[in-house]
Amino acid sequence: MRVVAMLNMEDFLVIRDLYNQGLTISQIAQKTGFDRKTVRKYLFTLAPPSPQPRASKPSKLDDYKEYVQNRIADYPLSAARICREIQERGFTGKYTIVKDYIRTIRPQVSVQAVLRYETNPGVQAQVDWGECGHLDVDGRWRKLYCFSMILGYSRMRYVVFTLSTDTSTLLQCHLNAFEYFGGYTEEILYDNIKTVILKRALRAGDHQWNPKFEDFFSHHGFIPRLCKPYCPQTKGKVENAIGYVKRDFLLGGTFSALDDMNRQLLQWCNRVNATPHGTTNKIPFDRLQQENLKSLTGVPPYLLRREEHRKISREAYISYLGNRYSVPYLYAGREATLELHDEQMAIRVGTDIICSHTVVPGHARVIREKEHFAGLLGEAMQYNSRCRKTSRPLFAMVPSPVEHRPLSVYEKFAEEVRP
């Protein structure tokens, strides 16, 4: 049987109705489950008593509330900071009670409204870089970067991972994005980075652009725009895109090499661009048809060559993106420059191009040309033969020294042994 100290109105009326039907107090208690004392109590009262408010228990924070209120009124301090301060004054409670109390007294700060910056079709794209951790390349950890370009109207995205943010890489990423979109916009918005702008001026016409970048945008005829300093809202679309890549693609992903990452990333781009965008509620691929981009067919191909420096190993190989490429063995140990264009790589020592390769995908592959080692075996054998002829032995064998004595010693010895 359950004991109930307080009844609600329905229970109160049920007890009185059963009593009016002639049931005894014991029968009512058995039928309703209430204790007989409870039944007797509410049979002889006109109405159930209203619940009385419980007396609040004293809190460990009571003695410090005034201090907390004053501190919050003066400065927007965090709950952790306030908790630390009152603990230094003798507070023995936990952080949670402080946090819950501050939430009730902290002034409500209004959020600055932001005007979303939208563009018409074909007018603007936005570009940005993002850091995405590190990647092991040839046993050395290198920073992994993400290039992102997004079309302002359609929200079409193009993203690719790189190991560098230099100007040559930036321009190659542009060419890749233009090819993916099938064209480019009238203007492109950038951060104030050295690969784009060397010195910013008050007037756009006085900007000092990076020479390689200026040659690129002049060749294609688009207008570069710079973000306003300390105003990230103007470039929020692309920065959100990089955060989205990290959350929706990179997090928990499994990859074998940089090429594999970019292959999967391109598939991810295709899927995202075929899904309704969260802001426009439209499919980017569909809105791309309305962008009216500048066509690539009307622009001569841009010849982009970028350079990287390497040291040729003693085995006559250079390393690039985790793969090894042979060079003529006569250049072993020399400093070399890699001239890269599309998938072609020319290797230069000084002013001479000593060989060329096609860049291959994958990791830990060895690309060996037989002619690079022609004559090396014979030269090595001649070198070993010369070494044997001119080399000195590690040690020498000499006879034990013989002691020489005068004849007088032997004559004296003979006299001593005569009978």
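Residues numbered from 1 in each chain as written. Predicted model: local features only at pLDDT ≥ 70, side-chain atom pairs only at ≥ 80, totals over all residues. Heavy atoms only, no water.

Peer 1: Explain the overall build of the chain to me, and be specific about the residues and the numbers.
Peer 2: If you tally the helices and strands in the chain, you get 13 helices and 14 strands. In the chain, which comprises 419 residues, the proportion classed as buried is 39%. Partitioning the intrachain contacts of the chain with sequence separation of at least 6 by distance along the chain shows that 60% fall at a separation of at least 24. Surface exposure of the chain reaches about 27500 Å², of which carbon and sulfur atoms provide 53%. (Helix = DSSP H or I, 4+ residues; strand = E, 2+ residues; numbered from the N terminus. Buried < 20%, exposed > 50% of the residue type's maximum accessible area, 1.4 Å probe, protein only. Contact = heavy atoms within 4.5 Å. Areas by Shrake-Rupley, 256 points an atom, 1.4 Å probe, with all protein chains shown as cover.)

Peer 1: Give me the nonpolar core: which residues, what numbers.
Peer 2: If you look at soluble globular proteins, the nonpolar side chains tend to sit buried side by side. Membership of the largest hydrophobic core comes to 32 residues, with the highest contact counts inside it found for F147 and M149. If you list the elements that add at least two residues to this core, you get strand 1 (124-137), strand 2 (140-151), strand 3 (157-162), helix 7 (167-181), strand 4 (187-190) and helix 8 (211-220). With six residues, helix 7 is the largest single contributor of residues to this core. Other than its neighbours up to four places away in sequence, F147 contacts V127, D128, W129, Y158, V159, V160, L170, C173, H174 and A177. With 20 residues, the next largest nonpolar core counts Y329, L340, I347 and I367 among its residues. (Core = buried A, V, L, I, M, F, W, Y, C linked by side-chain atoms within 4.5 Å.)

Peer 1: Would you mind going over the packing of aromatic side chains in detail, with residue names and values included?
Peer 2: With the rule as written, the count across this model stands at 20 aromatic pairs. A centroid spacing of 5.5 Å and a plane angle of 45° characterise the contact between Y158 and Y180, whose relative ring orientation is tilted. Of the two residues, Y158 sits in strand 3 while Y180 sits in helix 7, which places them 22 residues apart along the sequence. An aromatic cluster of three or more residues is present, and its members are F178, Y184, Y190, W209, F213, F216, F217, F222 and Y302. (Phe/Tyr/Trp six-rings, centres within 6.5 Å; stacked < 30°, edge-to-face > 60°.)

Peer 1: Before we move on, can you summarise the sheet that holds strand 9 (residues 317-320) with the specific residues and values?
Peer 2: The three strands lie next to each other as 9-10-14, forming an open sheet whose pairing is mixed. Looking along the sheet, the strands with just one partner apiece sit at the ends: strand 9 and strand 14 (366-367). Relative to strand 10 (residues 323-326), strand 9 runs antiparallel, the two sharing four bridges. In the sheet register, S319 faces strand 10, and the bridge partner there is R324. (Pairing = 2+ DSSP bridges.)

Peer 1: Describe the pattern of salt bridges, naming the residues involved and giving the relevant values.
Peer 2: Throughout the structure, instances matching the rule amount to eleven salt bridges. Between K65 and D62 there is a salt bridge, with the nearest N and O atoms lying 3.4 Å from each other. Between R348 and E307 there is a salt bridge, with the nearest N and O atoms lying 3.7 Å from each other. One end of the pair, R348, is in strand 12 (residues 344-349); the other, E307, is in strand 8 (residues 306-311), with 41 residues separating them in the sequence. With a relative accessible area of 17%, R348 lands in the buried category. (Salt bridge = Lys/Arg side-chain N within 4 Å of Asp/Glu carboxyl O.)

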